[in-house]
2 protein chains.
Amino acid sequence: MTLEEADDLHRQKKAKIAAAKEKLYADKVIEKGLLIVHTGTGKGKSTAAWGMAMRCLGHGLKLGVVQFGKGSRDSGERALFTRFPDLVRLVAVGEGFTWETQDKAADIAAAKEAFAAACAMLQDPSFHMVILDELNITLRYEYLPLDEVLAALRSRHPACHAVVTGRNARPELIEMADLATEMTLLKHPFRDGVKAQIGVEF
Amino acid sequence: MTLEEADDLHRQKKAKIAAAKEKLYADKVIEKGLLIVHTGTGKGKSTAAWGMAMRCLGHGLKLGVVQFGKGSRDSGERALFTRFPDLVRLVAVGEGFTWETQDKAADIAAAKEAFAAACAMLQDPSFHMVILDELNITLRYEYLPLDEVLAALRSRHPACHAVVTGRNARPELIEMADLATEMTLLKHPFRDGVKAQIGVEF
C-alpha cells in the first residue's frame, strides 16, 4: 500500500465514523433536566460533579450545592464557589461532618436539615443544577428514607439537573437515573504512602 | 435491644471506623506530583479533570490545560478558565478538533503542536497541575509516539500533578500512573433520545 493509498483509507474510515455519529446524534432532540448519579469505590465522583459545576458557572447558570458529608471549609471547590456568590447557593450542614462522629441522632438531624435545603432548591426553577454531594451515604446508613428522597428527585422542577454522588448508590436510584457512572479504582497513591494533596483531593 | 443500646452499638461501630481510618492515614506522608489517569468508556473523565482544575483555581494555584481533542470554544469550562487569566494557560490546537477530520497529516501536526506545549508546561515549576485532556486518543491512533509521551511525563517537574484523560488508556500509562480511575457507563440518556446539554456535557 502506498502512502497515498494509506491516507485515502484513513480518510474513508474517518468519513464513515463521522457519518455514523451524525446519524446517531440526529434523533437526540430531547432537552430535560437529568438525574445524574456518580457512584463506585473509585475517585472522581464528587470531582466530576465539581466539573459540571464549573461548566454551569462558566455559562453563568445558577447552581445549588448541598454537601451531605466530608465537606471541608478549606477545599478548593468551596473557595471557588465563594467567588461566585450570585450563582452558587452552598449548603453544608454540620461543618466538617465526616460520618466519623459517634452521635447517630446528630447525624440524622444534620442529614434531614441538608435534605430540606436540597428539596427547596430542587423545586426552585432558578437553579439550572443541584448537586447533592454524598447523598448516597445518607441512604446507605438509612439516615434519610429512600422513598422520600426518590420522591423529592422525581418531583423536582423538570428543567433541573440533579447530580447525586457517593459510593453504594441504591439500585432504585440508579434505576431512576438518566445517566449513571461507576468510578472504579485502577490504581491509588494512598497504597504507596502518598497523602491527600491540595488541588487534587481537596 | 433498647434504643440506648442501639445508640451505644452505633457509637462503638463509628469509633472503630474512625480509629481504623486514623491508623490508615498516619503513614500517608509523601507529597509529590501525581500522574493521574481517567479512562474508561463512561462519562466523567474530562469532567473530573475540570473538577480538579476548579480546586486548583479555588486555591489560587496555577494550571495548564492542553486539549488534544473535542475542545469547544463554547464550553463552560473554557468560559470559566478565561475568568482566571493569571492562573490558567489553555492550549487547544485545531480549534473544534474532534478527530472526525479526514486529514491524518493535519491531525498528527495538531497533536504534535499540542504535545510540544504540554512538554513546556510539564517542565515549568510554576504550574501546580497540567491537564492533558484527551491525550489518550492521540496514543490510541498513534498520532504521538508512546515512548516520547511517557518520557515527557516521567521527566516532568517533580511537584507537578499531570492529569491524562480519554478512553483506551495505554496499559503502559496506567502502569506508570499513581492514580488511575476507570469510568464505566451504567446508564446514558443518549440511549433515550436526550441530547447533550449545557452545563452537563459542555
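Residues numbered from 1 in each chain as written. Chains lettered and ligands numbered in written order. Predicted model: local features only at pLDDT ≥ 70, side-chain atom pairs only at ≥ 80, totals over all residues. Heavy atoms only, no water.

Caption draft 1: Highlighting the interface of chain B and chain A. The interface is formed by 79 residues belonging to chain B together with 79 residues belonging to chain A. Both faces combined, the contact of chain B with chain A buries some 7,000 Å², and carbon together with sulfur accounts for 61% of it. The largest contributions to the chain B side of the interface with chain A come from Met-54, Arg-55 and Lys-187 of chain B, which together make up 12% of the buried area. Residue Glu-77 of chain B is joined to Arg-55 of chain A by a salt bridge in which the shortest nitrogen-to-oxygen separation is 2.8 Å. At the surface where chain B touches chain A, the tally comes to 18 residue pairs in polar contact (both at pLDDT 80 or more). Going through the elements one at a time, α1 (3-26), β1 (35-39), α2 (45-59), α3 (76-81), α4 (104-123), α7 (171-176) and β6 (179-187) of chain B are the ones with two or more residues in the side of chain B that touches chain A. Sort the elements by how many residues they give to the side of chain B that touches chain A and α2 of chain B lands first, with 11 residues. (Contact = heavy atoms within 4.5 Å. Buried area = accessible area lost by both parts, 1.4 Å probe. Salt bridge = Lys/Arg side-chain N within 4 Å of Asp/Glu carboxyl O. Polar contact = N/O pair within 3.5 Å; in protein donor to acceptor, adjacent residues only side chain to side chain. Helix = DSSP H or I, 4+ residues; strand = E, 2+ residues; numbered from the N terminus.)

Caption draft 2: Looking closely at the pattern of salt bridges. Residue and element names in this part refer to chain B. The full count for this structure, using the stated rule, is eight salt bridges over all chains. Two residues, Glu-142 and Arg-170, come together in a salt bridge whose shortest N-O distance is 3.9 Å. In this pair, Glu-142 sits in the loop between α5 (135-140) and α6 (146-154) while Arg-170 sits in the loop between β5 (161-165) and α7, placing the two residues 28 residues apart along the sequence.

Caption draft 3: Seen up close, the pairing of β6 of chain B. Across seven bridges, strand β6 (residues 179-187) of chain A lies against β6 of chain B in antiparallel orientation. Among the inter-strand pairings, Ala-180 of chain A is bridged to a residue of β6 of chain B, identified as Lys-187 of chain B. Relative to β6 of chain B, β1 of chain B is paired through four bridges, and the arrangement is parallel. Its bridge partner being in β6 of chain B, His-38 of chain B is matched across the sheet by Thr-181 of chain B. (Pairing = 2+ DSSP bridges.)

Caption draft 4: Highlighting the environment of Leu-144 of chain B. Summarising the element assignment, Leu-144 of chain B is placed in the loop between α5 and α6. With residues up to four places along the chain from it excluded, the contact list for Leu-144 of chain B reads Phe-68, Ala-111, Lys-112, Phe-115, Leu-135, Thr-138, Leu-139 and Val-149 of chain B.

Caption draft 5: Quick look at the nonpolar core. Ranked by size, the top nonpolar core spans 43 residues in total, and within it Leu-57, Leu-63 and Phe-81 of chain A together with Leu-57, Leu-63 and Phe-81 of chain B carry the most contacts. Those residues in contact with Leu-57 of chain A that sit more than four places away from it in its chain are Leu-63, Leu-80, Phe-81, Phe-84, Leu-87 and Val-88 of chain A together with Leu-80 of chain B. (Core = buried A, V, L, I, M, F, W, Y, C linked by side-chain atoms within 4.5 Å. Buried < 20%, exposed > 50% of the residue type's maximum accessible area, 1.4 Å probe, protein only.)

Caption draft 6: Representation of α6 of chain B in the model. All names here are of chain B. If you check which residues of α6 are buried, you get Leu-146, Val-149, Leu-150, Ala-152 and Leu-153. Taken around the axis of α6, the buried residues stretch over an arc of 160°, which confines them to a single face. When the buried face of α6 is taken as reference, the exposed residues oriented beyond 90 degrees from it are Asp-147 and Arg-154. Those residues of α6 that are buried lie in contact with β1, α4, β4 (129-133), α5, β5 and α7. (Arc of directions from axis to C-beta.)

Caption draft 7: Molecular detail of unusual backbone geometry. For Asn-168 of chain A, which is not glycine, the phi dihedral falls at a positive 55°. Checked against the element boundaries, Asn-168 of chain A lands in the loop between β5 (161-165) and α7 (171-176). Taking relative accessible area as the criterion, Asn-168 of chain A reaches 39% and is therefore assigned partly exposed. With phi around 65°, Glu-134 of chain B is a residue other than glycine that occupies positive phi space. Tracing the backbone through its elements, the reader meets Glu-134 of chain B in the loop between β4 and α5.

Caption draft 8: Geometry of the relation of the copies chain B and chain A. When chain B is fitted onto chain A, the two copies agree to an RMSD of 0.0 Å after a turn of 180° and an axial shift of 0.0 Å. What we have between these two chains is a two-fold relation. Looking at the interface residues of chain B, 100% of them are also at the interface in chain A, so both copies use one shared face. (Least-squares fit on C-alpha atoms with pLDDT ≥ 70 in both.)

Caption draft 9: Representation of the sheet that holds β5 of chain B. An order of β3(A)-β2(A)-β4(A)-β5(A)-β1(A)-β6(A)-β6(B)-β1(B)-β5(B)-β4(B)-β2(B)-β3(B) is seen for the 12 strands of this open sheet, with the pairing classed as mixed. Looking along the sheet, the strands with just one partner apiece sit at the ends: β3 (88-92) of chain A together with β3 (88-92) of chain B. Across the sheet, the mean angle from the axis of one strand to that of its neighbour is 15°, orientation sign disregarded. In the sheet, strand β2 (residues 63-67) of chain B pairs with β3 of chain B via five bridges, with the strands oriented parallel. The residue bridging Gln-67 of chain B from the neighbouring strand is Ala-92 of chain B, located in β3 of chain B. (Axes fitted to C-alpha atoms, helices over the stretch in contact; angles between N-to-C directions.)

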